[in-house]
Amino acid sequence: GTVQEMADMTVLAFDIADEYRTPVMILADATLGQMMESIELPKPSGKTFDKSWALTGAKDRPKNIVRSLWLFPDPELELNNMRLQERYKKIASLYELYEGYMTDDADYLIAAYGTMSRIIKESIKNLRAEGIKVGLFRPKIGYPYPAGALKKVAAGKKFILTVEMSHGQMVEDVKLSIDCAIPVHFYGRTGGGVPSVEQVMDEFKKYL
């Protein structure tokens, strides 16, 4: 990811939260959060959404009640949960955002996000210079995860290496997205450890 993308995604996050009345979290690792890059500050989208539910005073209309407490499981609470699930499915179908880098002719994939994905791109360039066709899958949204997109991109690949600055919080998403159809390996560092371009290449080559 880039600082520009982080700024652009902030506008999208506000619009999703406003349209679907759901919390949206903006995630960035420490390096991206503190990095200095030239960006063009995005303008608000200008989108407006229906707010007939708002507590604006009930003059000349029935009163609105905004609540999250439903006392009767059957059917109130269950019906409300079903409505929420449909909302999440709609969001997932509309915002399956990801970046595919050199994936079209790739034999292998590396999955990564955030600062790690920037390092991976250099590793991929070096691996391709050695004749090894590797591509990058970078999800732009953590949840709902762009599972359908990854399944398409991973089709025909020999394996996926998931690289994270964590203990593997994305590995299960990757495996579930592809229905465990091909091997998924993991390489991670924690506590501020950042894998180098060369370390990623060495780890990748272990699985060839």
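Summary of the structure given here. (Residues numbered from 1 in each chain as written. Predicted model: local features only at pLDDT ≥ 70, side-chain atom pairs only at ≥ 80, totals over all residues. Heavy atoms only, no water.)

**Considerations on the packing of aromatic side chains**
Note the cut-off: Working definition: a ring pair exists when centres of Phe, Tyr or Trp rings (six-membered ring for Trp) sit within 6.5 Å. Plane angles under 30 degrees give stacked, over 60 give edge-to-face, the rest tilted. Strands are runs of DSSP state E lasting at least 2 residues, helices are runs of H or I lasting at least 4, and numbering of each runs from the N terminus. With a 1.4 Å probe rolled over the protein chains alone, any residue whose accessible area is under 20% of its type maximum counts as buried; one over 50% counts as exposed, and the rest are partly exposed. For a Lys NZ or an Arg CZ to count as sitting over a ring, it must be within 6 Å of the ring centre and within 35 degrees of the ring normal.
Here the structure, examined in full by the defined rule, presents five aromatic pairs. Ring geometry for Tyr 108 and Phe 159: centres 4.8 Å apart, planes at 50 degrees, overall tilted. Of this pair, Tyr 108 sits in strand E2 (residues 108–111) while Phe 159 sits in the loop between helix H5 (147–154) and strand E4 (160–164), placing them 51 residues apart in sequence. Under the relative-accessibility criterion, Tyr 108 is labelled buried at 12%. Measuring from centroid to centroid gives 5.3 Å for Phe 159 and Phe 204, while their planes differ by 45 degrees, and the two rings are tilted. With a gap of 45 residues between them, Phe 159 in the loop between H5 and E4 and Phe 204 in helix H7 (residues 197–205) connect regions that are remote in the sequence. Each member of the pair Phe 159 and Phe 204 is classed as buried. Each member of the aromatic cluster is reached from another via a ring pair, and the members are Tyr 108, Phe 159, Phe 204 and Tyr 207. The ring of Trp 70 carries Arg 67 above its face, with NZ or CZ at 4.0 Å from the centroid. A cation sits over an aromatic face here: Lys 121 above Tyr 101, 5.2 Å from the ring centre.

**Description of the pattern of salt bridges**
The cut-off we apply is this: The term salt bridge refers to a pairing of a side-chain nitrogen on Lys or Arg with a carboxyl oxygen on Asp or Glu at a separation within 4 Å.
Summed over the entire model, instances satisfying the criterion amount to 13 salt bridges. Measuring nitrogen to oxygen at the nearest pair gives 3.4 Å for the salt bridge that ties Lys 125 to Glu 122. With a gap of three residues between them, Lys 125 and Glu 122 both fall in helix H4 (residues 114–129), about one helical turn apart. Each of the salt bridges in this network shares a partner with another, and the network as a whole consists of Glu 5, Glu 99, Lys 121, Arg 138 and Lys 140.

**A short note on unusual backbone geometry**
In this structure, Pro 144 follows Tyr 143 across a cis peptide bond, with omega equal to -5 degrees. Residue placement: Pro 144 occurs in the loop between strand E3 (134–139) and H5. The phi dihedral of Arg 21 falls on the positive side, at around 50 degrees, and the residue is not glycine. Of note, Arg 21 is situated in the loop between helix H1 (3–20) and helix H2 (30–34). The phi angle at Met 102 is positive, at roughly 55 degrees, despite the residue not being glycine. One can find Met 102 in the loop between strand E1 (98–101) and E2.

**A closer look at a nonpolar patch on the surface**
Quick note on the threshold: Patches here are clusters of residues that have more than 30% relative accessible area and form no salt bridge, with a 9 Å joining cutoff for like charges and a 5 Å cutoff for nonpolar side chains (Val, Leu, Ile, Met, Phe, Trp, Tyr). Only the protein chains shown count as cover for residues, and all accessible areas are computed by the Shrake-Rupley method using a 1.4 Å probe.
Together, Leu 69, Leu 71 and Phe 72 line one region of the surface with nonpolar side chains, adding up to about 360 Å² of accessible area. Checked against the element boundaries, Leu 69 lands in the loop between H2 and helix H3 (73–94).

**Description of the packing of H4 against H7**
The condition is simple: What counts as an axis is a line fitted to C-alpha atoms, over the stretch in contact for a helix, and the angles between N-to-C directions run from 0 to 180 degrees. Crossing handedness is defined as follows: a turn of the near helix away from the far one that is anticlockwise and smaller than a right angle gives a left-handed crossing, while the clockwise case is right-handed. Any two residues whose heavy atoms approach within 4.5 Å are treated as being in contact. Throughout this entry, Asp, Glu, Lys and Arg are counted as charged residues, while Ala, Val, Leu, Ile, Met, Phe, Trp, Tyr, Cys and Pro are counted as nonpolar. The remaining residues, Gly among them, count as polar.
Orientation of H4 relative to H7, taken along the N-to-C sense of each, is 65 degrees, at an axis distance of 9 Å. Along this stretch, H4 crosses H7, giving a crossing that reads as right-handed. Residues Met 116, Ile 119, Ile 120, Glu 122, Ser 123, Asn 126 and Leu 127 of H4 lie in contact with H7, whose contacting residues are Val 197, Val 200, Met 201, Phe 204 and Lys 205. For the contact of H4 with H7, the class distribution of residues is eight nonpolar, two polar and two charged.

**Points about the nonpolar core**
Defined as follows: By nonpolar core is meant a set of buried Ala, Val, Leu, Ile, Met, Phe, Trp, Tyr and Cys residues that side-chain atoms within 4.5 Å join together.
Core analysis: the biggest nonpolar cluster contains 20 residues, and Ile 110, Ile 120, Val 134, Val 163 and Phe 204 have the highest contact counts within it. Those elements that provide at least two residues to this core are E2, H4, E3, E4 and H7. With five residues, the top contributor of residues to this core is H4. Discounting residues that sit within four places of it in the chain, Val 163 has contacts with Ile 110, Ala 111, Ala 112, Met 116, Ile 120, Tyr 187 and Val 200. Counting residues in each nonpolar core, the second largest holds 15 residues, with Val 153, Ile 160, Val 174 and Ile 178 among its members.

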